[in-house]
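Letter by letter, the chains look like this.
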Amino acid sequence: MNTEFKDIDKRYDLFWLGMKYEKENNFQQAIETYLLYSEALAFENRFIPHIWISGLYDKLHQPSQSIYHLEQYVKGYIEWKASIEYKDFSKEKVGKLYKEIGKRYVVINELENAIHAFELALSYDKNVSVKKLIDNAKNKLNGKH
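Residues numbered from 1 in each chain as written. Predicted model: local features only at pLDDT ≥ 70, side-chain atom pairs only at ≥ 80, totals over all residues. Heavy atoms only, no water.

Enquirer: Break down the pattern of salt bridges for me, citing the residues and quoting the values.
Expert: Tallied over the entire structure, the rule returns three salt bridges. Measuring nitrogen to oxygen at the nearest pair gives 3.1 Å for the salt bridge that ties Lys20 to Glu24. With relative accessibility at 39%, the residue Lys20 sits in the partly exposed group. Note that Arg104 and Asp58 form a salt bridge whose closest N and O atoms lie 3.1 Å from each other. Highlighted residues: Arg104 in helix α5 (residues 91-107) and Asp58 in helix α3 (residues 49-59), separated in sequence by 46 residues. Taken together, the shared-partner salt bridges connect Asp58, Glu100 and Arg104 into one network. (Salt bridge = Lys/Arg side-chain N within 4 Å of Asp/Glu carboxyl O. Buried < 20%, exposed > 50% of the residue type's maximum accessible area, 1.4 Å probe, protein only. Helix = DSSP H or I, 4+ residues; strand = E, 2+ residues; numbered from the N terminus.)

Listed below in structure tokens is the structure:
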């Protein structure tokens, strides 16, 4: 068996093992398995499992870890789309993801990070509705809220 098929088998096994752990509500083991799966993927695709990992950290009530992995997903998505000059690059998708990251930062009271994420959302999608969220975060940061 050549190396390429072994790599495919490894990725396949890790993916389904992660799914198995997730179904068993063994979220920590699923996270560890998805991280291994990520490392087994081609470099430009390693960001993909981070969206799943983010969701698992949500289930474990670990918001900082969830945010970190959501950010990893967004950064990887942007790099991947830029590297292949993908025609269907969705600035709206990136804007929505950064808006979600900003909202999560507000929940854990990291207002400077929230404002930064909201501003990134606007830089990708001028129509994303974050202006009021930015104002609220700035007011709260300045003790006006």
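Additional details are given in the paragraphs that follow.
Enquirer: Outline the packing of aromatic side chains, supporting the account with residue identities and numerical values.
Expert: Applying the stated rule across the entire model yields ten aromatic pairs. Taking the centre distance of 5.7 Å and the plane angle of 35° together, the rings of Phe47 and Trp80 count as tilted. Taken together, the residues span a long stretch of sequence, with Phe47 in the loop between α2 (27-40) and α3 and Trp80 in helix α4 (residues 63-83) at a distance of 33 residues. Aromatic rings pair up to connect Tyr12, Phe15, Trp16, Tyr34, Tyr37 and Trp52 into one cluster. (Phe/Tyr/Trp six-rings, centres within 6.5 Å; stacked < 30°, edge-to-face > 60°.)

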